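Structure assessment
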Amino acid sequence: MTEPCHNPAAGERAARPAGAGPGPSGPDLAPETRMLQLASGHLAAQAIHVFASLGLADILREGDRDAAELARLTACHPANLHRVLRFLTTIGVVTEIESSRFALAPLGQTLCRRPLSVIRDNTLLVASHYYWDAIGAMLHTVQTGDNAFQHVHGQSFFDHLASHSADADVFHAAMTSSSRMGVGAILASYDFSAFRQIVDVAGGQGALLTGILRKHPATRGILYDAAGAQAPGAVDATVADRLSRVSGDFFDHVPGGGDAYLLRRILHDWDDDKAVAILRQCRKAMAPEGKLLIMELAAPETAQAGNDWAAMDVLMMLMLNGRERTAADFEALLSAAGFRLARIVPTRSPYWIIESVPV
Ligand SMILES: C[S@@+](CC[C@H](N)C(=O)[O-])C[C@H]1O[C@@H](n2cnc3c(N)ncnc32)[C@H](O)[C@@H]1O
């Protein structure tokens, strides 16, 4: 859930106390400066979130503007918006080209609305109020083992989405644009042409399945997800006659009739017991010659600087009690659910395709 592109440690200079300012980062900084920079990363994250939420990148794409004008266009408090824009200047999102007048910098352009706004959509998600509050309970989770999201919001992540439609829209927009961005890498690495019918289990709004069906005109698809998760009309008209939507709970039932079952970014949402329960439902639904294709981040045995998966692993812990897994972890889950891991197909993205067969 979210692309692995939200490392809060992303290096900006912290020559001043609050961690702002483009320039040397990492090994170029004194450890004290670097530590203050990292520890104040929440200010940068929230300022970027404000910038994205207000659509300021799209306004500034049209030309530079005064802070007062930007405040008027976005119905904001002029002095406070001006102060945040100055801070955003120090971290390279905008440039203050003259006093109180701002232009979009190349970094800020990543937050423009486009046909595929992956960075914008994921920025709106990772610093959204409902993620933010749960991330703030990390110490509680580390000390107690309790789930942060449940602790802060009083309900599980997916129950929250089911009862907060605006939050669900932000979540599904981020999932859909990330999936659309990832389809090319999956299609380039795996041949789906032999499959007659593919079931995308918890396939969200169908971006992956649509991409596969567009490439393989003889293949049909079932898009399965929780009731309410599938946006009406979101499926591409060119595949609509070959794609059916089914709603349900994958802990109770998974539709039969597929010769391939996809699970993309699903198992990382759940602890091992729940992941095995989902896999068992897939196993029950599948014919003996069917194939299960799990698409998840490739987690190595040990963490190293610069890895994306460890940040995602912590995020999954906080939001859902989920986790990222190594190849050995997947092998154990699959074997507990009646599958054999046949092969792991790397892709040019950070995702693996783990092909498994019923035993
Ligand atoms: C992280 S998103 C991944 C969506 C999609 N596979 C992708 O890669 O973009 C997790 C999906 O699981 C679905 N989901 C969560 N709980 C579910 C349940 N009990 N039954 C069916 N789907 C569920 C959510 O609605 C959401 O679409």
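Structure shown above.
Model, not experiment: these values are computed from the prediction.

Here we take up the nonpolar core. Counting 29 residues, the largest nonpolar core has Val201, Phe250, Leu263, Leu279, Leu292, Ile294 and Leu334 as its most contacted members. Residue assignment for this core shows that the elements contributing at least two residues are strand 4 (197-201), strand 5 (220-225), strand 7 (260-264), helix 14 (272-285), strand 8 (291-297), helix 16 (327-336), strand 9 (339-346) and strand 10 (351-358). Among the elements that take part in this core, helix 14 stands out by supplying six residues, more than any other. In terms of nonpolar packing, the next biggest core, distinct from the first, is built from 23 residues, Ala44, Leu56, Leu81 and Phe87 among them.

Further remarks concern the site of the ligand. By nearness alone, 21 residues border the ligand, and Ser179, Ala202, Asp225, Arg264 and Arg265 come closest of all. Separating an oxygen atom of the ligand from a side-chain N or O atom of Asp225 is a distance of 2.6 Å. A total of 590 Å² of accessible area belongs to the ligand in isolation, and the protein chains cover 94% of it. Here the shell around the ligand gets four residues from one element, more than from any other, and that element is helix 12 (residues 165-189).

The next thing to look at is the packing of helix 12 against helix 13 (residues 207-215). Where helix 12 meets helix 13, the closest approach of the two axes is 8 Å, and the angle between their N-to-C directions is 35°. Pair helix 12 / helix 13 crosses with right-handed handedness. On helix 13, the residues that touch Thr176, Ser179, Arg180, Val183, Ile186 and Leu187 of helix 12 are Ala207, Leu208, Gly211, Ile212 and Lys215. Taken together, the residues of the contact of helix 12 with helix 13 break down into six nonpolar, three polar and two charged.

Taken in spatial order, the seven strands of this open sheet run 6-5-4-7-8-10-9, and their pairing is mixed. Sheet topology places strand 6 (243-247) and strand 9 at the edges, where each strand pairs with a single neighbour. In this sheet, adjacent strand axes meet at a mean angle of 20° when their direction is disregarded. When strand 7 meets strand 8, the two strands line up parallel, connected through five bridges.

All right, on to the packing of aromatic side chains then. For any pair of aromatic rings, the description rests on two quantities: the centre-to-centre distance and the angle between the ring planes. Within the structure shown, the criterion is met by 15 aromatic pairs. Between Phe158 and Phe171, the aromatic rings sit 6.1 Å apart at their centres with planes inclined by 80°, giving edge-to-face as the arrangement. On the criterion of sequence distance, the pair formed by Phe158 in helix 11 (residues 157-163) and Phe171 in helix 12 is long-range, its members being 13 residues apart. Look at Phe158 and you get partly exposed, because its relative accessible area is 28%. Given the relative accessible area of 4%, Phe171 is considered buried.

Let us look at the environment of Ser165. Position of Ser165 relative to the elements: it lies in helix 12. In sequence terms Ser165 and Asp249 are 84 residues apart; their C-alpha atoms lie 18 Å from each other.

Ordered in space as 1-3-2, the three strands form an open sheet in which the pairing is antiparallel. In this open sheet, the two edge strands, each paired with only one partner strand, are strand 1 (65-66) and strand 2 (94-98). Strand direction decides the pairing type here: strand 1 and strand 3 (residues 101-104), joined by two bridges, are antiparallel. Note that in strand 3 the partner of Arg65 across the bridge is Phe102.

The rules we used
Residues numbered from 1 in each chain as written. Predicted model: local features only at pLDDT ≥ 70, side-chain atom pairs only at ≥ 80, totals over all residues. Heavy atoms only, no water. Core = buried A, V, L, I, M, F, W, Y, C linked by side-chain atoms within 4.5 Å. Buried < 20%, exposed > 50% of the residue type's maximum accessible area, 1.4 Å probe, protein only. Helix = DSSP H or I, 4+ residues; strand = E, 2+ residues; numbered from the N terminus. Near = heavy atom within 4 Å. Polar contact = N/O pair within 3.5 Å; in protein donor to acceptor, adjacent residues only side chain to side chain. Areas by Shrake-Rupley, 256 points an atom, 1.4 Å probe, with all protein chains shown as cover. Axes fitted to C-alpha atoms, helices over the stretch in contact; angles between N-to-C directions. Left-handed = near helix turned anticlockwise from the far one by under 90°. Contact = heavy atoms within 4.5 Å. Nonpolar A, V, L, I, M, F, W, Y, C, P; charged D, E, K, R; others polar. Pairing = 2+ DSSP bridges. Phe/Tyr/Trp six-rings, centres within 6.5 Å; stacked < 30°, edge-to-face > 60°.

Everything listed is a geometric property; what it means functionally is a separate question.
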